[in-house]
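# Survey of secondary and tertiary structure
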Number of protein chains: 2
Amino acid sequence: MMMQSLPKLPEVTAAGTPLKPMPWVMLRRRATPHFEAKPIPEMALRTILELAGQAPSGYNLQPWRFIVVRTRDDRARLRRVAHDQERITEAPVVVIAVGVTSAWRRDLDEVLREGARLGAGPADDASIERRKRAALDFLSGVRMDVWVNRHVMIAVTYMMLAAESYGLDTAPMEGFDAEGVKREFGVPDEDEVVALLALGAGRKPDKAFPGRFALGKIVYDGQFGVPWQGRKPGPVL
Amino acid sequence: MMMQSLPKLPEVTAAGTPLKPMPWVMLRRRATPHFEAKPIPEMALRTILELAGQAPSGYNLQPWRFIVVRTRDDRARLRRVAHDQERITEAPVVVIAVGVTSAWRRDLDEVLREGARLGAGPADDASIERRKRAALDFLSGVRMDVWVNRHVMIAVTYMMLAAESYGLDTAPMEGFDAEGVKREFGVPDEDEVVALLALGAGRKPDKAFPGRFALGKIVYDGQFGVPWQGRKPGPVL
C-alpha cells in the first residue's frame, strides 16, 4: 500500500491555544522577513507536512515532493543558491517544493487501483484501464511544467495556511537559482523547483499589511473586464 | 486608491453554524461531482471572493482575475468550451480563474506606493524606484506563464478552502479549451486561463476519499529521494 487514510491531527497549536477558523488565518498571515533562532516542534512540522499532502490533484496523482532542509549546513548550502537570503539560514526549517514531471507515470496505476479499493470509482480492470487512458491522454496535452507548478502551489498553499493555523510563521520564496537547487539537493533535471517555504517563529513585528486590490478590480461579472458589483441578497440561480 | 484594507467577514457559515478550524476543512474537502440546483447566498459568494483576494503574491502584484459566471446562458456557454462537463451547468456559480501576464506592469508603481503608505516599506521616490527596478528585473527572468499559474493557484486554493469553510462545496476543473474560454469570455490572448472552480451545494453523497501517499513517499530529508522519517520530539535546530 502506497496510500494512507486521513491522519490524526493535534487539536491545539504547539503553544496549546485553540485553532482559529480558516478565514481568520487567511486574513492574518503575512510573509515573514526574519525568523527567531527557535526550533519547530517535531509534531507541528509533521502535521504541516501531513496537511500539505492532503491537497487535491488531478487524478489524485499528487505530483509534489518536499525536501525538508533543516541542518545548519544544508540551510547554508540552500542560501548560496537562493540569492543569499538571510531568512534561509535564520529559519529552523526551509522546505523545497518540487514538481515531478514524469514520476507520476509510475504511480498512476496504483493510485487508481487503491483509490478504487477505497471506494472512489469502479475497481474492475476495464474501468481502471479506461481511467488510465483518459489521464494519459489529458496529460499528454498539457504543458507539463505549468501543470506541475499549478499542482504544487495548491500543496504549498495548504502548507502555508496549515503552518499559520498551528502558530508558525512562513515565508514563501520565489527567488532562487533552480539549476543550483537541483544540483545541490539531487533534484532530477526534468523536474521543477516550484518554491521555497521557510517555516519558524517570525521575529516581531510582522511586516505591515500592504493592502489588496478592491474587489471590483479583480472580480469580473460574466465577462473579462466587467467589474463585479455584487447583487442585493437574493437568489443567484 | 486601488487598494483596500482587510474585509470584515461573517463569523458563521451561511447556515448559521460556527466556522471550523482550517485543518478540519483541509481534511474534509472533496471534489464535488454533482451540484444541487440551489443558489449561493450573495454574502457567502462575496466573502469567498474577498478571501481569494487576500492571497499573497510576489511584490503584492496580485496577477489574478476572476470571472464570476452565473447566468444560465453563460454557464451553458462555458460548458461548451469545457468538455461538456455537467457540473458546470449544475453549479449556480463557476469562477474562471485567469492569470494576467502583463497587466501587472500598469499596477506596479501604485501597488508599491500604496503599500509603502500603509507601512510596508519606505515611501520615498528613490526607494520605490529601487523596488520597482528589482521587481521588473526579477520578472523579466521568469517564465511568465508559469509564474502567473503559480500565483493564481494560491488564490484559487484560498477560494476553495474559504468556500469549504463557509459550508459550500467546490469542484476545481482543469479540463477546458483555453482558447475557447478566452474567446467566449473576452480574456486577452496573452493571458492564462488557469482553472475553473464550480461553487455550490454538492449533491450527496460526497465522493469517497481516494487516499493520499504516505508521508515517506512525498517528503524527503535534506536530499531528493531520501525518505523523511521524522525524529523523536526534540530540538530541530
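Residues numbered from 1 in each chain as written. Chains lettered and ligands numbered in written order. Predicted model: local features only at pLDDT ≥ 70, side-chain atom pairs only at ≥ 80, totals over all residues. Heavy atoms only, no water.

## Some words on the overall build of chain A
Rules: Counting from the N terminus, the helices are DSSP H or I runs at least four residues long and the strands are E runs at least two residues long. Only protein chains enter the accessibility calculation, which uses a 1.4 Å probe. A residue is then buried if its area is under 20% of the maximum for its type, exposed if over 50%, and partly exposed in between. Two residues qualify as a contact provided that any one of their heavy atoms is within 4.5 Å of a heavy atom in the partner residue. Using a 1.4 Å probe, the Shrake-Rupley method yields the accessible areas, and only the shown protein chains count as cover for residues.
Helix and strand counts for chain A come out as 9 helices and 7 strands. Every one of the 237 residues in chain A was classed for burial, and the buried ones make up 60%. Contacts spanning at least 24 positions in sequence make up 77% of the contacts within chain A whose residues lie at least 6 apart. A total of about 9600 Å² of accessible surface is found on chain A, and carbon and sulfur atoms cover 52% of it.

## Quick word on the pairing of strand β2 (residues 64-69) of chain A
Applied cut-off: Two strands pair if DSSP finds at least two bridges between them.
Burial analysis of β2 of chain A places 6 of its 6 residues in the buried class, the great majority of the element. One ladder, built from 6 bridges, connects β2 of chain A with strand β3 (residues 93-99) of chain A; its direction is antiparallel. Within the sheet, the bridge partner assigned to V68 of chain A lies in β3 of chain A and is V95 of chain A. Alignment of β2 of chain A against strand β7 (residues 219-221) of chain B, held across 3 bridges, turns out to be parallel.

## Notes on the interface of chain A and chain B
Which entries qualify depends on this criterion: In short, buried area is how much 1.4 Å probe accessible area vanishes from two parts on joining, totalled over both. We define a salt bridge as a side-chain nitrogen of Lys or Arg found within 4 Å of a carboxyl oxygen belonging to Asp or Glu. Under the rule applied, a polar contact is a pair of N or O atoms within 3.5 Å (in protein, one hydrogen donor and one hydrogen acceptor; residues adjacent in sequence only if both atoms are side-chain atoms). Under the scheme applied, nonpolar residues are Ala, Val, Leu, Ile, Met, Phe, Trp, Tyr, Cys and Pro; charged residues are Asp, Glu, Lys and Arg; polar residues are all the others, including Gly.
On the chain B side, the residues contacting the 111 residues of chain A number 111 residues. Interface of chain A and chain B: buried area, both sides summed, is about 9800 Å²; carbon and sulfur atoms make up 63% of it. Applying the counting criterion to the chain A and chain B interface returns 6 salt bridges. One salt bridge connects R143 of chain A with D145 of chain B, and the closest N-O pair in it is separated by 3.2 Å. Counting the contacts that link chain A with chain B gives 38 residue pairs in polar contact (both at pLDDT 80 or more). A total of 14 residues in the side of chain A that touches chain B trace back to one element, the largest contributor, which is helix α7 (residues 144-165) of chain A. Of the residues in the side of chain A that touches chain B, the class split is 64 nonpolar, 20 polar and 27 charged.

## Description of the relation of the copies chain A and chain B
This is how the line gets drawn: All copies are superposed by least squares; the fitting set is the C-alpha atoms of residues with a pLDDT of at least 70 in both.
Of the transformation placing chain A onto chain B, the axial shift is 0.0 Å and the rotation is 180°, giving an RMSD of 0.0 Å. Expressed as an axis order, the relation between the two copies is that of a two-fold axis. Looking at chain A, 100% of its interface residues are interface residues in chain B too, so the copies touch through the same face.

## What to know about the pattern of salt bridges
All names here are of chain A. Counted under the stated rule, the structure contains 30 salt bridges over all chains. Close ionic contact of E90 with R203 constitutes a salt bridge, the shortest N to O distance being 3.4 Å. On the criterion of sequence distance, the pair formed by E90 in helix α4 (residues 86-90) and R203 in the loop between β5 (192-200) and β6 (212-213) is long-range, its members being 113 residues apart. Beyond isolated ion pairs, a larger network of salt bridges with shared partners links D109, R113, D125, E129 and K132.

## Focus on the sheet that holds strand β3 (residues 93-99) of chain B
Think of a sheet as strands paired side by side through backbone hydrogen bonds, with each pair either parallel or antiparallel. Stated precisely, the cut-off is as follows: Lines are fitted to the C-alpha atoms to define the axes, a helix being fitted only along its stretch in contact, and any angle between axes, read from their N-to-C directions, falls within 0 to 180 degrees.
If you walk across this open sheet you meet the 5 strands as β7(A)-β2(B)-β3(B)-β5(B)-β4(B), and the pairing is mixed. In this open sheet, the two edge strands, each paired with only one partner strand, are β7 (219-221) of chain A together with β4 (169-173) of chain B. Averaged over neighbouring strand pairs, the angle between their axes works out to 25° when direction is ignored. Sheet contacts for helix α2 (residues 42-52) of chain B: β7 of chain A together with β2 (64-69), β3 and β5 (192-200) of chain B; angle to β2 of chain B, the most-contacted strand, approximately 165°. Here helix α7 (residues 144-165) of chain B sits on the sheet and contacts β2, β3, β4 and β5 of chain B; the angle it forms with β5 of chain B, its principal contact strand, is near 5°.

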